[in-house]
Each structure stands twice: as C-alpha cells, then as structure tokens.
Amino acid sequence: ASTLGAAAAESGRYFGAAVAAGRLGDSQYTTILDREFNMVTPENEMKWDSTERSRNSFSFGSADQIVNHARSHNQRLRGHTLVWHSQLPGWVSSIGDANTLRSVMNNHINQLMGHWKGQIYAWDVVNEAFADGGSGQLRSSVFRDRLGTGFIEEAFRTARAADPAAKLCYNDYNIEDWNAAKTQSVYRLVQDFKTRGVPIDCVGLQAHFGSGGPPSTFQTTLSSFAALGVDVQLTELDIAQASSNAYTNTVRACMNVARCTGITTWGVRDSDSWRSGENPLLFDRSGNKKPAYNATLTAL
Ligand code: XIL
C-alpha cells in the first residue's frame, strides 16, 4: 500500500493523527490528513475546558467540525478525553462536595458520549490518572481527592451505559517500559477491572518518546496488556528528531502484537506538533514526507 492508513488496514489496523479544528482550513494539512490517515483524534476540542466551560453548559462546535470532517472522509474517531486532571475548568477543580462532583463527572460523560453516540470507535475515558515515579498511587486531582480511587471505576461504568458501542480505554504516558513502576500500576488496575467485571476494552499508550524511541521492553508491555484481554493502541506517538530506526522499532512492536489495533501520531506536520521544536512527526513543515515516513510505511 502507498499510504499509512491503507498499509495499516492491510492487517486490520488503523493509522491516525491528532487533528486541530483550527487547521482544517489549511489545504496542505487536510490533503495529507485525508490521503494518509484513517483515524482522527481531536487534539484539544473534546477536552473539558473546550466542551463544558461552565456547569451543564456544553459547546460541541469545534469538536463537531473535526467529527464532521472525519465522517465525511471515512476516518474513524477517538474521543479524547472525558476525565482528566488537566485542561479542566476551575469550576470543576474547586468543587468540594463529593456528591456534587460525582454527578458533575457522570453528567459530563453522559453528555459527551451521548452527543456523539455511535460515532466514536474508542474513548479515552480516563487520562493520566497515575502519579509519575514509583509510588504506585493515583496522582492528586479533584477526582481522586474528593471521590477516592474508585472514580476510575465509576467513570468506566457510566461510560459503558452512555455508549455501549464505544471501546472504553484507559490512556497514559510513561507506561511503555515494562520495568517502570507506573506501567505495573496501570497493569494491576486493568487486571483488577477484568477480574471484577468492570468494563474496560483498551489501554492507550501515549508513546511520546525521546530520540532513542521506545524502550527495549515495549513489545513485552503491549503483549502483557493484551494478555489481560484488552486491545492496546499507540495513541499519541511522536519521537524527538523522528529517527527512522526509532519509528521502525515502534511500529514493529505494534505489528508483532495481534491486539495492538492501531497507531496515532500526535499531529500531522512538525509545525503542527505540541513538541514542534523537536521535529518529532512524519511530515516536515512543508508537508513533505520525512525519512521516518518511509520507515513507518515499510514497517506497517
Ligand atoms: C496537548 C496538546 O497537544 C496541546 O495542544 C495542548 O496545549 C496540551 O495538550 N497528553 C495528552 C494530550 O493526553 O491531550 C496532550 O495534548 C499531550 C499529552
């Protein structure tokens, strides 16, 4: 195949990109997007600070622009993200009463999943809940601090009822190295959910890598999560300096794991990246394919 999406589709996988609504008017951007990618993740437009800036007042306009673009170009969608400590409006973080916060959280999930019901392949239900380092604890957030560690389970149960057709994912960064304590913490969470019948379908590994690319244990991590009975996806891939080798190693790890169902790069061109200074993507600032593009296409 001659495009990323078509190459991934040959093995039943997808190849996606994070998309910004503000760039949809850029024809160079949309030309690459619609030629190469068959999955779209809104980069910011579905986050809480974009969708519910004040309580129970929802704005879906910029996210809908992306959803409509994706639907009209046969691209699947990843919903990103429902419950996250970041890009969270101050009115949520300042809620002091647990019952109020619980109903606010569940309402947010119900409203977003209801608005796009049946249109989302997978939702990042909870994003980045674990603390960095080896504590094994959830990070401090209004959700953990007011609701306790059970907020994750509650969010997933609410999400399953809101759109039973969507795959429900836990998404995090620095969980690519099997030897990292944070990876083991997420593994135990998923294992516990599967054991107790809490709905979870997938784990998203963000895969924001340094110039060396993935850790040597990356494939072990993917296959270990998969063995719990969940799909895995690389949800926000970018690699400092975009070395071809690093991209090859990353893509191969996914291709070697049957339940690794797709890869998304976090942007299209280097100029679109949140790590723009590191030139971490597959297309340069002029929209040309970089060497890492060819490496990726070959590895798919
Ligand atoms: C980033 C976006 O790319 C930026 O535009 C925004 O300013 C901050 O968030 N983990 C995630 C993504 O789950 O939502 C983040 O996206 C990058 C880190």
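Refer to the structure printed above.
Residues numbered from 1 in each chain as written. Predicted model: local features only at pLDDT ≥ 70, side-chain atom pairs only at ≥ 80, totals over all residues. Heavy atoms only, no water.

Turning our attention to the state of the cysteines. Enumeration over the complete set of coordinates arrives at two disulfides. Between the sulfur atoms of Cys169 and its disulfide partner Cys202 the distance amounts to 2.0 Å. A torsion of -75° about the S-S bond marks the disulfide between Cys169 and Cys202 as left-handed. A residue pair is termed long-range when its members are at least 10 positions apart, and Cys169 in strand E5 (residues 167-172) and Cys202 in strand E6 (residues 202-205) qualify at 33 residues. Looking at Cys169, the relative accessible area reads 0%, which means it is buried. Disulfide pairing places Cys254 opposite Cys260 at an S-S distance of 2.0 Å. Between Cys254 and Cys260, the S-S torsion sits near -100°, and that sign places the bridge as left-handed. A relative accessible area of 0% places Cys254 in the buried class. (Disulfide = S-S within 2.5 Å. Helix = DSSP H or I, 4+ residues; strand = E, 2+ residues; numbered from the N terminus. Buried < 20%, exposed > 50% of the residue type's maximum accessible area, 1.4 Å probe, protein only.)

This part takes up the pattern of salt bridges. Enumeration according to the criterion identifies 18 salt bridges in this entry. For Arg144, the salt bridge is made with Asp145, and the minimal N-O distance between the two is 2.8 Å. Judged by relative accessible area, Arg144 falls into the partly exposed class, the value being 27%. For Asp145, a relative accessible area of 36% corresponds to the partly exposed category. Note that Glu153 and Arg196 form a salt bridge whose closest N and O atoms lie 2.9 Å from each other. Of this pair, Glu153 sits in helix H8 (residues 151-162) while Arg196 sits in helix H9 (residues 181-196), and the two are 43 residues apart along the sequence. Among the residues examined, Arg196 registers a relative accessible area of 41% and is labelled partly exposed. (Salt bridge = Lys/Arg side-chain N within 4 Å of Asp/Glu carboxyl O.)

Distances and angles like these do not, on their own, reveal function.
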